[in-house]
Amino acid sequence: MRKLQNKLLAIFLATAAGGALALVSTSRAFDWHLENQKNTKVSVPVVVNEAPLSRDTKFTTSFSPVVKKVAPSVVNIFTTKTVKHPSGPESPFSSDPFFRRFFGDPSDEGDGRSRKRSHKERSLGSGVIVSKDGYILTNNHVVDGADEIKVALSKGTKEYEAKVIGRDPRTDITLLKIEAEGLSYITLADSDKVEVGDVVMAIGNPFGIGQTVTMGIVSAVGRGGFGVEDYEDFIQTDAAINPGNSGGPLVDAEGRLVGINTFIISRSGGNQGIGFAVPVNLARNVMERLRKDGSVVRGYLGVMIQDLDPDLAKEFDMAEQPGALVSGVTEKSAAAEAGLKSGDVIVEFDGKPIQDSRQLRLLASKTSPGTKVEVKVLRHGKEKTFSVTLKELPDQMAKAKGERDNEDSSTKDTLDGVEVGDITPAARRQFELPGDLKGALVTRVDPESVASEKGLRPGDVIEEINRKPITNADEAVEASKQVKNKRTLLRLWSHGGSRYVVVDESKGKS
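Predicted model, so just to flag it, every value in this text is computed and none were measured.

**Q** Whenever I open this one, the overall build of the protein confuses me. Can you help?
**A** The helix and strand inventory of the protein stands at 10 helices and 32 strands. For the protein, buried positions account for 49% of its 510 residues. Excluding contacts between residues fewer than 6 apart, the proportion of contacts in the protein whose partners are at least 24 apart in sequence is 70%. Of the roughly 24,100 Å² that the protein leaves accessible, carbon and sulfur atoms contribute 48%.

**Q** What is the right way to look at the packing of aromatic side chains in this model?
**A** Centre distance and the angle of the planes are the two values used to describe a pair of aromatic rings. Overall, the coordinates contain 4 aromatic pairs when judged by the stated rule. Ring geometry for Phe 234 and Phe 263: centres 5.0 Å apart, planes at 70 degrees, overall edge-to-face. Separated by 29 residues along the polypeptide, Phe 234 in strand β15 (residues 234-237) and Phe 263 in strand β17 (residues 257-266) bring together distant segments of the chain. Note on Phe 234: relative accessible area 0%, which makes it buried. Residue classification places Phe 263 among the buried residues on the basis of a relative accessible area of 1%. Through pairs of rings, three or more aromatic residues link up here, namely Phe 234, Phe 263 and Phe 276. Geometry around Tyr 231 places Arg 361 over its ring, the cationic atom sitting 4.6 Å from the centre.

**Q** Sorry, what's going on with the side chain of Asp 252 here?
**A** Here Asp 252 is to be found in strand β16 (residues 249-252). Within polar-contact distance, the side chain of Asp 252 engages the backbone nitrogen of Arg 256 at 2.9 Å. If near-sequence neighbours (up to four positions away) are discounted, Asp 252 is found in contact with Leu 53, Val 66, Ala 189, Val 199, Val 200, Met 201 and Val 258.

**Q** Teacher, can you tell me more about helix α4 (residues 280-293) here?
**A** Given 3.6 residues to a turn, an α-helix orients residues that are three or four positions apart in the same direction. With 14 residues, α4 should cover 20 Å at 1.5 Å per step; its first-to-last C-alpha distance of 19 Å lies within 8% of that length. Looking only at α4, the buried set comprises Val 280, Asn 281, Leu 282, Ala 283, Arg 284, Asn 285, Val 286, Met 287, Glu 288, Arg 289 and Leu 290. Gly 294, located one to two residues past α4, shows a positive phi value of around 85 degrees.

**Q** It is not clear to me how a negative patch on the surface should be interpreted in this structure. Could you clarify?
**A** Where like charges cluster on the molecular surface, the negative patch consists of Asp 147, Glu 148, Glu 159 and Glu 161. Along the polypeptide, Glu 161 turns up in strand β9 (residues 159-161). Under the relative-accessibility criterion, Glu 161 is labelled exposed at 58%.

**Q** Can you help me understand the pattern of salt bridges in this one?
**A** Two side chains carrying opposite charge are able to pair once their charged atoms lie near each other. Inspection of every chain in the model, using the stated rule, returns 16 salt bridges. One salt bridge connects Asp 168 with Arg 298, and the closest N-O pair in it is separated by 2.6 Å. On the criterion of sequence distance, the pair formed by Asp 168 in strand β10 (residues 163-168) and Arg 298 in the loop between α4 and β19 (299-300) is long-range, its members being 130 residues apart. Note that Lys 352 and Asp 350 form a salt bridge whose closest N and O atoms lie 4.0 Å from each other.

**Q** Before we go on, may I ask you to explain the nonpolar core in this structure?
**A** Generally speaking, nonpolar side chains in soluble globular proteins are found buried as a group. One finds Val 130, Leu 137, Ile 186, Leu 257 and Ile 260 to be the most contacted residues of the largest nonpolar core, which totals 31 residues. For this core, the element with the most residues is α4, which contributes 6 residues. Listed in part, the 20 residues of the second largest apolar core include Leu 301, Val 326, Val 375 and Val 388.

**Q** Teacher, can you tell me more about the side chain of Asp 168 here?
**A** Given a relative accessible area of 5%, Asp 168 falls into the buried group. Within the structure, the side chain of Asp 168 is placed 2.6 Å from the side chain of Arg 298, a separation counted as a polar contact.

**Q** Sorry if this is basic, but what is going on with helix α7 (residues 357-365) here?
**A** Within α7, 7 of the 9 residues are buried, which leaves it mostly tucked inside the rest of the structure. For α7, the complete set of buried residues consists of Ser 357, Leu 360, Arg 361, Leu 362, Leu 363, Ala 364 and Ser 365. If you follow the buried residues of α7, they end up packed against α4, β19, β20 (303-307), β21 (324-329), β22 (345-349) and β23 (352-353). A distance of 3.4 Å separates the backbone nitrogen of Arg 358 from a side-chain oxygen at the start of α7, and that oxygen is part of Asp 356.

**Q** Is there a simple way to think about the pairing of strand β14 (residues 212-223) in this case?
**A** Each regular strand shows side chains that alternate between the opposite faces of the sheet. Across 6 bridges, the pairing between strand β13 (residues 199-204) and β14 is antiparallel. Looking at β14, one finds that Val 199 is bridged to Ile 217. Pairing of β14 with β15 involves 3 bridges; the strand directions are antiparallel. The partner of Ala 220 across the bridge, within β15, is Gln 236.

**Q** What exactly am I supposed to notice about unusual backbone geometry here?
**A** Only a minority of non-glycine residues have a phi that is not negative, and only a minority of peptide bonds are not trans. With a phi close to 55 degrees, Glu 432 is a non-glycine residue in the positive phi region. Relative to the helices and strands, Glu 432 resides in the loop between α8 (425-431) and β28 (440-445). Residue Glu 432 is classed as exposed on the basis of its relative accessible area, which comes to 61%. Unlike most non-glycine residues, Arg 467 shows phi in positive territory, near 70 degrees. Within the secondary structure, Arg 467 is located in the loop between β29 (461-465) and β30 (468-469).

Calculation notes
Residues numbered from 1 in each chain as written. Predicted model: local features only at pLDDT ≥ 70, side-chain atom pairs only at ≥ 80, totals over all residues. Heavy atoms only, no water. Helix = DSSP H or I, 4+ residues; strand = E, 2+ residues; numbered from the N terminus. Buried < 20%, exposed > 50% of the residue type's maximum accessible area, 1.4 Å probe, protein only. Contact = heavy atoms within 4.5 Å. Areas by Shrake-Rupley, 256 points an atom, 1.4 Å probe, with all protein chains shown as cover. Phe/Tyr/Trp six-rings, centres within 6.5 Å; stacked < 30°, edge-to-face > 60°. Lys NZ or Arg CZ within 6 Å of the ring centre and 35° of its normal. Polar contact = N/O pair within 3.5 Å; in protein donor to acceptor, adjacent residues only side chain to side chain. Expected span 1.5 Å × (residues − 1). Patch = residues over 30% accessible without salt bridge, like charges linked within 9 Å, V, L, I, M, F, W, Y side chains within 5 Å. Salt bridge = Lys/Arg side-chain N within 4 Å of Asp/Glu carboxyl O. Lys, Arg positive; Asp, Glu negative; His and termini not counted. Charge placed at Lys NZ, Arg CZ, Asp CG, Glu CD. Core = buried A, V, L, I, M, F, W, Y, C linked by side-chain atoms within 4.5 Å. Pairing = 2+ DSSP bridges.

On their own, these measurements won't tell you what the molecule is for.
Now the structure itself:
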């Protein structure tokens, strides 16, 4: 094996810090904006008020009128599903009524002490009526796997059996329908006009205690990168959200729906002031697709993308850092057929400026397959525009290899202590490398090296050094010797996709 003594690369995979921090599902997420809403004929007869919220500095002593307006549209959702247990000895406590109260009454099959058992698991959540004819928005995880779904209105004891019109696990949005008359329903706002500091209220059925209203403000918008959903663009709020609030509404000070409560970050499992809601624009777009087709079909550009940090921006001649860096292009994809290449920086998609990779991914996914869009890129510092006809997102690409959520990269040092070799058939099988992947295979990393510290691991493949393609280990060694300064730009295949990393040894080991 050959050692790269001079220039090498590392990836730092961002991880959550801070002890036993948990993402608690109380509802969950994605963002989407429907173009020309006023001119779009929708199949669910919702009422939309897109006017901006009045932000005059007025003091109110009570939000009771808003709650009275909204509360009748909020429902409790009760689900039942059968959970099967593997064969095994019967619990010695199963015949005791006291223990059955807490652990259920499993139904046994067969005879003897070894038998299959199952029990009915019941859970609860919330939802909101969005049309007079009984369409209800909630979270997918509230009804996922349910054998039976019941809906109870805020007043009265009658329960309605709900029909699932469609589910979208990638955004955690589900559309239900009940057959009822005279229903109260909520008005939808334009969540793109929500601002940090706006007063909001969360309404739902936390812990099954009954309808509860909590109030707070919008703490942030456009949150993502949590990995709880494939498409994330959450509204963050400090309004108390707890288990059972899942699928319930987040409303503004005028009682309009701005989001569907989804999950919280908590060390205890209860509310700690960091809750998240799916923006209603996203939920509305998904709802219409579910109503029309029963599922959501998304556009697919076919690029591997990452954000630009200051070092990468400098390497790619970007005066500032907005845009999405193309680190790879999928063969025969829409991007490949249009002429996009790795190293391009996408700065505009369908007339919309691109700030980061997450925004590009959301915009592409909300565009229907077959749509032709203009994509503006910077290539070697020069602007170029491509006409791209999007294809359909493959079914199994919940987190597509190469189009996964962006991960931060560290660029503090070049790396010694790394050995490389050629990619052999055995190596391809061992590390599950694509058949057409070329480069220098990282075979060993000294655990005490900077490379190890930054995340470089055996099985990674160096594809480029300072934009020069690498096809084998000899070329990697030779290219590393040709580097004349302390900054090296590498393209690395790792974790199923390619990405760029700047290695700057002048900054020293941390």
